[in-house]
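# Structural features, examined
What follows is each chain in one-letter form.
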Amino acid sequence: MQYRARKLSQISFPLGGIGSGCIGLAGNGALHEFEIFGRPNKLGRMGYSGFAVKAESDGQVLDARVLQSPLAPPYAGQPVRGGPLHSGFGFGPAQQSLAGFAHFQDAVFTGTFPLARIDFIDDAFPVSVSLSACNPFIPMNADDSSLPAACFEITMKNITDRPLTSAVCLFLGSPFPAGTGCHTPLTANGMQGVHLGTFDTSLPPERRGDLAIATDCVSAAVQPHWYRGGWCDPVEVFWREFTTPGPLKSRRYAQPADAFPGLNTDTACLEARAELPPGGCETLRFVVTWHFPVTYNHWNPEPDGQKTYWQHHYAALFHDAADCAAYTLRHWRRLWDTTVAFRDALFSSTLPEAVLDAVSANLSVLKSPTVLRLTDGSFYGFEGCIEDVGCCEGSCSHVWNYAYAPAFLFPSLARRMRELDYTYNQREDGRMAFRLMLPLGRARPDFSACVDGQMGGVIQTYRDWKFCGDDEWLRRLWPKVKLCLAYAWSPTNEDRWDPGQTGVISGRQHHTLDMELYGPNSWLEGFYLAALRAAAEMADALGEPDTADHCRQLYRRGMAWTDEHLWNGRYYQQQVDLTDARLLVPFDALSPLTGETVSNSYWNAEAGQLKYQIADGCAVDQVIADWHTGLCGLPPVFDREKVKVALRSLFKHNFLTMSRMTNTWRLFALNDEQGLVVCTWPDGAQKPVIPLTYASECMTGFEYQAACHMLREGLTAQGLDIVRAIRDRYDGEKRNPWNEMECGSNYARSMASYALLPTLSGFTFDLRAGVLGFRPTVYPAPFRCFWSVGEAWGTVFVDAAHVAFTVLYGHVTLRAFDLPTDADATAVTLSGHRLEASQAGTRLRFGAPVCMDVGAVLVICF
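Note that this is a predicted model, so its numbers are computed, not measured.

## Some thoughts on the sheet that holds strand β5 (residues 50-57)
Ordered in space as β6-β5-β11-β16-β15, the 5 strands form an open sheet in which the pairing is antiparallel. Two strands close off the open sheet at either side, each with one partner strand: β6 (60-66) and β15 (220-223). The average angle at which neighbouring strand axes cross in this sheet is 20°, direction not considered. Sheet topology places β5 next to β6; 6 bridges connect them, and they run antiparallel. Each residue of the ladder has a partner; that of Lys54, found in β6, is Ala64.

And the structure:
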């Protein structure tokens, strides 16, 4: 995934930990979007921050550049409200962009998340320079993947025929107002650097903290402060000093920065030097760490302006930023190499480039301000984030339903989401709030339950149980899970989903498109049926046959009714009489969403119709339930042949070129871009005068689930066309490849893309039974793919002669393996040692549990 020239302009690659905030690496090499203060900071900068490099020989500086390629247009400047007089639109790019410094002619940005690499290009510079950057991303190791750190390796190669000394300087603007910062050298623990803190206790608690810049290079020079002065004095002096031969001089001020009029803040810098013989190459390491230990609910303030602070999880792991820098440098090789091992395993998969791009790019959501880790390490997420605040709070259940990446890569965090949900969001009768309020224990919203969110929680509980195989974990949650499901027919259910226990959801149905449906529809009915089937399986395992039988009866009843009444021959739809205002009467109270009565909110008196319904429409999520069941190891809800027809219809009618349609909603795709829209009414189907909300939008999470489902059902060309269309929209020029948007940036639903990987590999799992398996039917052998489950990850290789299953991290114990072929296994070995096994159909059972640690390879020959 390489980007160059205009394709660099929108890139911001997040470098930060899970729930720890991040720094954005721009496509041209700039450091921006310092989102390290417990909240987003889109397009924001932090003073003068970045890298510079120089080459010296025989006591002369041959050349010096900031480590950036040209800034992309426009050059008129960005609007700045409340900024300094000579700034903003009409004053050109911000000086802090470093666009005015000598820089490289060009750059090539290679993004294979979680690592980025920039190769800087300039024929006149005597050293070839590349920058690699990451934050540790190690599946199954949540804490090392949550470091509040940005890690850089800068590699320099002498391309001249004489010896050179090359130096790299990292400089970082202080986030503290003038007069409140305190910069001190760091020299302990085998590192050198600068610790940037504050002594001003009048700052708000969430702004009190510290940062560090550090290197383990032995030839390093520390400059805690740039020269203090007004106008551009500090920058002028810095560049003069940097372009002077020899190490950077030290400078440290004791007095506050506000003693110098015109100085907004201080800047610290750190220089590392390397001797390069002709053709010689050297790599220097730098780390930026931060430690702002507390935050509060600034996105939805508590009543009366109260601020209840809690501590970020990383603050329980590290005393300060210097402590984190020391840990990161001390463990650098392990952290970096394991991250590279994950990246290499993922990208070794023999899947189409667009699929690997989609899977990897959206993992970046986990390193964005969309997610938090609470004091005890619990995982919490917004839907996305706007410029300076999290957007749509509360680990929103109907959005996070789609986010399969955490469940596969950090399952302990996914399980904690289930625990928080059932602890804090459930009413006594089982109704679930679909947003988790912070601080924990704050009153849950008194809003209608959400069908897809509530039923999705039951399905995810089943999935997470199968991932860990821990019956005791399930047993602890089970009473609440049962109550959650039974709310569908509870007499206290204000929305009257299934009061007669028919297996069919009707009544008033709130959903992820933010309004209500009135009348049965395959989308939400499918969630109900999948939850019933998941509950039956869990009840069986926990010794509750009566509960299991009851759930299966409702499941079978609902399945039969759905296929008979909601299938129109081409796709599944909603059963509703749009002209029947009586459907609203049982719910005619004030809507908590609009403040109007339901009749006023949902009745179009002029047209004599209900508003916001699907009716005869072809909707993107009409068979989403079977996307979930296929991924979680449950039987399908719908008739599989009808599902294939429905998916073909969905592609035919909803995969559109945007310039040929009218979209009155948000413009996530436009002009000649293609995308799968939420709902269409094809071939004369009745379209409500005011149709389903967001109907004409392209939202990537919905698109990925539909594309993934198509791929599983053999509609390969159609599924790949959708995936390619999405990634073409996020091409580095039009949009940031590592920021798929929906309700704001870094949107959680986009992590539906991860499901492409287990789908195309045919991955099945049941750690309770100790069974894993693969059946890649879409692509011919040889096939290679990354896998991750339980506490381990690795690769699987399949060809006509054998399967090689390799563990690269963690531990897994297998009792059986589901084969990718109907052929008989002729030999089974573990790291070269023969194993006893018996085969029944495609399941291979081992004579004794097979315990696999790092480096173990299970080979099954045919």
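Next comes the rest of the write-up.
## Quick word on the pairing of strand β35 (residues 792-798)
On a regular strand, one side chain projects to one face of the sheet and the next to the other, so that they alternate. The buried fraction of β35 is high, at 7 of 7 residues. Counted along the chain from strand β34 (residues 783-789) to the antiparallel partner β35, the turn is 2 residues long, and its residue Gly790 has a positive phi close to 65°. Direction of pairing for β35 relative to strand β36 (residues 802-810): antiparallel, over a ladder of 7 bridges. Each bridged residue has a counterpart across the sheet, and for Thr795 the counterpart in β36 is Thr806. Linking β35 to β36, which pair antiparallel, is a turn of 3 residues.

## What about unusual backbone geometry?
Pro73 connects to Pro74 through a cis peptide bond whose omega is 5°. Its location among the elements puts Pro74 in the loop between β6 and β7 (106-112). A cis amide bond links Phe113 to the next residue, Pro114, at an omega of 20°. Looking at the element boundaries, Pro114 is found in the loop between β7 and β8 (115-121).

## So, the packing of helix α16 (residues 700-712) against helix α17 (residues 716-729)
Where α16 contacts α17, the two axes come as close as 7 Å, and the packing angle between them is 155°. When the axes of α16 and α17 are compared, the pair comes out roughly antiparallel. Every pair of crossing elements has a handedness; the one defined by α16 and α17 is left-handed. On α17, the residues that touch Thr700, Glu703, Tyr704, Ala707, Met710 and Leu711 of α16 are Thr716, Gln718, Gly719, Leu720, Ile722, Val723, Ile726, Arg727 and Arg729. Its residues placed into classes, the contact of α16 with α17 shows 8 nonpolar, 4 polar and 3 charged.

## Here we look at the layout of surface pockets
If you add up the space inside the second largest pocket, you get close to 850 Å³. When contributions to the lining of the second largest pocket are tallied by element, the ones reaching two or more residues are α9 (451-468), α14 (624-632), α15 (640-654), α16, α18 (756-761), β32 (764-766) and β33 (771-773). At 5 residues, the largest contribution of residues to the lining of the second largest pocket is made by α14. Of the residues contributing to the lining of the second largest pocket, the split by class is 19 nonpolar, 10 polar and 10 charged.

## Re the environment of Thr339
Looking at the secondary structure, you find Thr339 in helix α4 (residues 332-347). For Thr339, a relative accessible area of 0% puts it in the buried group. Expressed as a C-alpha distance, the spacing of Thr339 and Ala535, which sit 196 residues apart in the sequence, is 37 Å. What Thr339 contacts, discounting residues up to four positions off in sequence, is Pro114, Leu115, Cys134, Asn135, Pro136, Phe137 and Ile138. At 3.1 Å, the side chain of Thr339 forms a polar contact with the backbone nitrogen of Phe137.

## Some thoughts on the packing of aromatic side chains
The full count for this structure, using the stated rule, is 59 aromatic pairs. Residues Phe137 and Phe410 carry aromatic rings whose centres are separated by 5.5 Å and whose planes lie at 70° to one another, so their mutual orientation is edge-to-face. Taken as a pair, Phe137 in the loop between β9 (127-134) and β10 (149-158) and Phe410 in the loop between α7 (404-409) and α8 (411-424) lie far apart in primary sequence, 273 residues in all. Measuring from ring centre to ring centre gives 5.5 Å for Tyr602 and Tyr612, while their planes differ by 85°; the resulting arrangement is edge-to-face. Taken together, the residues span a long stretch of sequence, with Tyr602 in helix α13 (residues 598-602) and Tyr612 in the loop between β27 (609-610) and β28 (618-619) at a distance of 10 residues. The exposure classification of Tyr602 matches that of Tyr612, with both residues buried. In this structure, Arg749 packs its charged tip against the face of Tyr402, placed 4.8 Å from the ring centre.

## A closer look at the sheet that holds strand β4 (residues 31-35)
Pairing is antiparallel across the open sheet formed by 3 strands, whose spatial order is β2-β3-β4. Of all strands in the sheet, those with a lone pairing partner are β2 (12-17) and β4, marking the two edges. Sheet twist, expressed as the average angle between the axes of neighbouring strands with direction ignored, equals 25°. As defined by bridge partners, β2 adjoins strand β3 (residues 21-26) across 6 bridges and the pair is classed as antiparallel. Across the sheet, Pro14 pairs through a bridge with Gly24, a residue of β3.

What counts, and at which threshold
Residues numbered from 1 in each chain as written. Predicted model: local features only at pLDDT ≥ 70, side-chain atom pairs only at ≥ 80, totals over all residues. Heavy atoms only, no water. Pairing = 2+ DSSP bridges. Helix = DSSP H or I, 4+ residues; strand = E, 2+ residues; numbered from the N terminus. Axes fitted to C-alpha atoms, helices over the stretch in contact; angles between N-to-C directions. Buried < 20%, exposed > 50% of the residue type's maximum accessible area, 1.4 Å probe, protein only. Parallel < 35°, antiparallel > 145°, perpendicular 65-115°, else oblique. Left-handed = near helix turned anticlockwise from the far one by under 90°. Contact = heavy atoms within 4.5 Å. Nonpolar A, V, L, I, M, F, W, Y, C, P; charged D, E, K, R; others polar. 1 Å grid on protein atoms, 1.4 Å probe; cavity = no way out; pocket = protein on both sides within 12 Å on 5 of 7 lines; lining within 4 Å. Points joined across faces, edges and corners; volume = space filled by probe spheres on them. Polar contact = N/O pair within 3.5 Å; in protein donor to acceptor, adjacent residues only side chain to side chain. Phe/Tyr/Trp six-rings, centres within 6.5 Å; stacked < 30°, edge-to-face > 60°. Lys NZ or Arg CZ within 6 Å of the ring centre and 35° of its normal.

Bear in mind that shape data such as this cannot, by itself, settle questions of function.
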